[in-house]
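Working through the structure, step by step
In case you want the letters, here they are:
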Amino acid sequence: MHREINGTLCAYIVFKTGKQQLLLFLLALLSLPLLYLSLEIPKHIVNHAIGSDAFPIDIYGVKLGQVQFLFGLCLLYLLSISLNGSIKYAVNLSKGRLAESILRRLRVKVYVLWYRLNSGGNQSQIIPLMVQELEAIAGFAGDIVVLPVFQGGTFLTILFFLFMQDPMLGAAALSLLPVQLVVIPRMQKKVNQLGRLRMKEARYLGHIIGEGNEQTPAKTASAFATIRKLQAIRIEIYQRKFLMKGLYNFITHLTPFFFYTIGGYLVIEGQLTFGALIAALAAHKDFAAPLRELFKYYQTLEDVRMRWDELVGLIKRGHSPTK
């Protein structure tokens, strides 16, 4: 049991939930064809059901009028988004159950290990560990495989759809991606460093409070200094996180400028259908969401990995943290 906690976070999660992770992986893959179908159908509704005069049309020996064809495509669209939504529901429910299972196991294991290896240790350290730290770790267990597969697959599916409409639209969608991939991770790295410092100071404050009931001037001064330092660290974290979020949102909203400019020109020149442009614009609305989730995943991965390392170190040390 000690060896399990002593290993890496990913190894522990995969070892304990391998079958559930495989099921989530397959569900995520199953949703991608349905996503592409939900992007493709609106284009045909606009171009071939609403904007075409070639009716009636013959589909596998069945002649359909314009209204019948329109309703058929709309029902197909409704079916695709319903199935996709059902898969998302199943994925989220499975993630929640998996996370709660891991949380229960971790709490039991950490509770037993702490009192076995740290008899006489500072009891104030185990309380935030059991309540806050383990919840963050367990919550990530449900996302560790399915989120990059699902969100990464969604991103690639939408990108493929955009390139299928016109290579220039696909290129426009990718135009600012290098900035996001280079600048934002560097900003996130600094936020992670501040997060580690905040956690260290918070643990030290817990150590000061848990030393005993005796109140001394030195103890009070040390506690107040740590509280002020925690405030300064959190303010700097807010500043950097909001700056990073603002930059990301600006880049995300700048891309439609290229779509309207390039796509509008292609429609005027007859190189792109109006339905394809509308479908591309609708797809791009969902284009930023998976990328944002992937950045959030990276942020959470670093944060949870830090918490796991702190957990392993705290169990190993068996004494109060130092500054």
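Use the structure listed above.
All of the points below concern the structure found in this document. Position labels on residues start from 1 in each chain and follow its written sequence. Local features in a predicted model are, by the rule used here, given only for residues with pLDDT of at least 70; side-chain atom pairs are given and counted only at 80 or more, and totals for whole chains, interfaces and linings are based on all residues. Neither water nor hydrogens contribute to the side-chain values; these are computed over all heavy atoms in the structure.

**Quick word on empty space enclosed by the protein**
Rules: A cavity, in this analysis, means grid points on a 1 Å lattice covering only the protein atoms where a 1.4 Å probe fits yet has no way out; a pocket is instead an open set bounded by protein on both sides within 12 Å along at least five of seven lines, and a residue lines either one if it has an atom within 4 Å of a point. Grid points are joined across faces, edges and corners, and a volume is the space filled by probe spheres set on the points. In this description a helix means any DSSP run of H or I spanning at least four residues, a strand means any run of E spanning at least two, and both kinds are numbered starting from the N terminus. In this classification, Asp, Glu, Lys and Arg are treated as charged, Ala, Val, Leu, Ile, Met, Phe, Trp, Tyr, Cys and Pro as nonpolar, and every other residue, Gly included, as polar.
Enumeration according to the criterion identifies one cavity of 30 Å³ or more in this entry. If you add up the space inside the largest cavity, you get close to 100 Å³. If you trace the largest cavity, you find it lined by Ala173, Leu176, Leu177, Gln180, Tyr248, Ile251, Thr252, Thr255, His284, Phe287, Ala288 and Leu291. Counting residues per element, the lining of the largest cavity draws most heavily on helix α8 (residues 217-268), at four residues. For the lining of the largest cavity, a count of residues per class yields eight nonpolar, four polar and no charged.

**Some remarks on the packing of aromatic side chains**
Here is the rule we go by: Each pair of aromatic rings taken from Phe, Tyr and Trp, with Trp reduced to its six-membered ring, is defined by centres within 6.5 Å and is described as stacked if the planes are under 30 degrees apart, edge-to-face if over 60, and tilted in the remaining cases. The cut-offs for exposure are 20% and 50% of the maximum accessible area for each residue type, with area from a 1.4 Å probe on protein chains only; residues under the lower value are buried, those over the upper are exposed, and the others partly exposed.
A complete count under the given rule lists four aromatic pairs for this structure. Relative to Tyr297, the ring of Phe140 lies with its centre 5.3 Å away and its plane at 35°, an arrangement referred to as tilted. With Phe140 in helix α4 (residues 126-141) and Tyr297 in helix α10 (residues 288-317), this residue pair connects regions lying 157 residues apart in the sequence. For Tyr297, a relative accessible area of 15% translates into the label buried. An aromatic cluster is built from Tyr36, Phe160 and Phe161, whose rings are joined through pairwise contacts.

**Examining helix α5 (residues 146-165)**
To be explicit about the condition: Helix span, as expected, comes to 1.5 Å for every residue beyond the first.
For α5, spanning 20 residues, the distance from its first C-alpha to its last is 28 Å, which sits close to the expected 28 Å at 1.5 Å a residue. For α5, the tally of buried residues reaches 15 of 20 residues, placing the bulk of the element in the interior.

**Things to note about the layout of surface pockets**
There is about 560 Å³ of room inside the largest pocket. If you trace the largest pocket, you find 26 residues lining it, with Leu35, Asn84, Lys88, Phe150 and Thr154 closest to the centre. For the lining of the largest pocket, the leading source of residues is helix α3 (residues 66-117), giving eight residues. Looking at the lining of the largest pocket residue by residue, the classes come out as 15 nonpolar, seven polar and four charged.

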